[in-house]
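Descriptive analysis of the structure
Each chain is listed here by its residues.
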Amino acid sequence: MTDNPAATNDVAASLRARINTGQPHTARIWNYWLGGKDNYEVDRAAGDQIRRLHPGIGEYARADRLFLGRAVRHLVGEVGIRQFLDIGTGLPTADNTHEVAQRIAPESRIVYVDNDPLVLAHARALLTSTPEGRTDYLDEDLRNVDAIIEHAAKTLDFSRPVALILLGVVIFIGDEEDPYGLVRQLTDRLPSGSHLVLSHTITSPSMPDVDEAVKFWNEHGTPKLTQRRPEDVTRFFDGLELLEPGVVSCSRWRPQHDHGAEPEEVAMFGGVARKN
């Protein structure tokens, strides 16, 4: 079942009024790079320009999505996690968190959190659940930790382990807003045995074209993003037990391939860690 009723005309109209079709938005561009159709011409134009500056950018989106699937499968199948709090959901595509989790354990419960109106409009229609499990969707900002936990507790049992998923979302929290403290606030509210799954765009001297693409985005798109070095991304896991292979290119986190060649590195790094 799902806790959310079908969107009423008034709710749908309210969401449409919040959508700015004149400025490119990261969730819609991400959707475009993943081959989706939930985007506008302004998003496609910006996405193409970013791809010209950094031709491999589309691989980041795919690598991040595949990382999500591998992490969720590990947590459900190997660790036994049955609850997920996915903040910064993005537009629904194939193999969303609930689909991957409930494919293995139909009783899994998932709460999605996003404050983008287009994401919310599609979440109501596409993010369904198995009869045994539950899904819920919150219109909330990552910064509002108390509100997220309060509403998520209607679906999740915070006395049992929860997987907190923050894929490509803390990049939108500037250093002046204490992103590390924000992530710590969230993990502090989770019980022992919970896990953090986090990915983040990096800056590296070996990938100067990434910096150019980010500069273009911050001049033209919304929301603005902050790049961080790989060691700065690792800091988000301070106080937690990092699972092997640590914080690495998302393409290299436990890749599933039959040949010996290591997957190509992308400028989206991620990791999974356990709260003891």
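Residues numbered from 1 in each chain as written. Predicted model: local features only at pLDDT ≥ 70, side-chain atom pairs only at ≥ 80, totals over all residues. Heavy atoms only, no water.

So, on to the pairing of strand β5 (residues 195-201). Within β5, seven of the seven residues are buried, which leaves the element mostly enclosed by the surrounding structure. Note that strand β4 (residues 163-167) and β5 share five bridges and pair parallel. Opposite Ile 165, over in β5, you have Val 197 as the bridge partner. Assessed by its sense of winding, the connection that carries the chain from β4 through helix α8 (residues 179-188) to β5 is right-handed. (Buried < 20%, exposed > 50% of the residue type's maximum accessible area, 1.4 Å probe, protein only. Helix = DSSP H or I, 4+ residues; strand = E, 2+ residues; numbered from the N terminus. Pairing = 2+ DSSP bridges. Right-handed = clockwise from strand over helix to strand, strands pointing away.)

This part is about empty space enclosed by the protein. Evaluation of the coordinates by the stated rule reveals two cavities of 30 Å³ or more. There is about 40 Å³ of room inside the largest cavity. Those elements that place two or more of their residues in the lining of the largest cavity are β2 (109-114), α6 (117-126) and β3 (134-139). Split into classes, the residues belonging to the lining of the largest cavity amount to eight nonpolar, one polar and one charged. In this structure, the second largest cavity spans a volume of roughly 30 Å³. In this structure, the second largest cavity is lined by Thr 187, Leu 190, Ser 194, His 195, Leu 196, Leu 240 and Lys 275. Its residues placed into classes, the lining of the second largest cavity shows three nonpolar, three polar and one charged. (1 Å grid on protein atoms, 1.4 Å probe; cavity = no way out; pocket = protein on both sides within 12 Å on 5 of 7 lines; lining within 4 Å. Points joined across faces, edges and corners; volume = space filled by probe spheres on them. Nonpolar A, V, L, I, M, F, W, Y, C, P; charged D, E, K, R; others polar.)

Grouped together as the largest cluster of nonpolar side chains are 77 residues, with contacts concentrated most on Phe 84, Leu 85, Ile 87, Leu 142, Leu 166 and Leu 198. Of all the elements, helix α4 (residues 57-79) adds the most residues to this core, at ten residues. With near-sequence residues (within four places) excluded, Ile 87 lies in contact with Val 113, Leu 142, Ile 148, Leu 164, Ile 165, Leu 166, Leu 167, Val 169 and Leu 186. (Core = buried A, V, L, I, M, F, W, Y, C linked by side-chain atoms within 4.5 Å. Contact = heavy atoms within 4.5 Å.)

With that settled, the discussion passes to the packing of aromatic side chains. Within the structure shown, the criterion is met by three aromatic pairs. On the basis of an interplanar angle of 80° and a centroid distance of 5.6 Å, the ring pair of Phe 67 and Trp 253 is categorised as edge-to-face. Of the two residues, Phe 67 sits in helix α4 while Trp 253 sits in the loop between β7 (248-249) and β8 (268-274), which places them 186 residues apart along the sequence. You'll find Phe 67 and Trp 253 in the same group, each marked buried. Between Arg 235 and the ring centre of Tyr 180, over which it is positioned, the NZ or CZ distance is 3.8 Å. (Phe/Tyr/Trp six-rings, centres within 6.5 Å; stacked < 30°, edge-to-face > 60°. Lys NZ or Arg CZ within 6 Å of the ring centre and 35° of its normal.)

Moving on, we get to the pairing of β8. The element β8 is largely enclosed, with a buried count of six among its seven residues. Sheet topology places β5 next to β8; seven bridges connect them, and they run antiparallel. Bridge pairing in β8 places Leu 196 opposite Ala 273. The pairing of strand β6 (residues 241-242) with β8 spans two bridges and is antiparallel. Opposite Glu 241, over in β8, you have Arg 274 as the bridge partner. With two bridges joining them, β7 and β8 adopt antiparallel strand pairing. Across the sheet, Val 248 pairs through a bridge with Gly 270, a residue of β8.

Once that is clear, we can look at the side chain of His 195. Counting through the fold element by element, His 195 comes out in strand β5. Here His 195 falls in the buried class, since its relative accessible area comes to 3%. Those residues in contact with His 195 that lie beyond four places of it in its chain are Leu 75, Val 79, Ile 81, Val 162, Ala 163, Leu 164, Leu 243, Val 272, Ala 273 and Arg 274.

Let us look at α8. In terms of burial, α8 is a largely internal element, seven of the ten residues being buried. Those residues of α8 that sit buried are Pro 179, Tyr 180, Gly 181, Leu 182, Val 183, Leu 186 and Thr 187. Contact partners of the buried residues in α8: β1 (83-87), α7 (145-152), β4, β5 and α10 (230-234).

Remark: helix α3 (residues 41-53) packs on helix α9 (residues 208-220), axes separated minimally by 8 Å, with the N-to-C direction vectors making an angle of 155°. Accordingly, the angle class assigned to the pair α3 and α9 is roughly antiparallel. Every pair of crossing elements has a handedness; the one defined by α3 and α9 is right-handed. Contacts from Ala 46, Gln 49, Ile 50 and Leu 53 in α3 reach Asp 209, Glu 212, Ala 213, Phe 216 and Trp 217 in α9. Among the residues forming the contact of α3 with α9, the class breakdown is six nonpolar, one polar and two charged. (Axes fitted to C-alpha atoms, helices over the stretch in contact; angles between N-to-C directions. Parallel < 35°, antiparallel > 145°, perpendicular 65-115°, else oblique. Left-handed = near helix turned anticlockwise from the far one by under 90°.)

So far we have only geometry, and geometry alone does not tell us how the molecule works.
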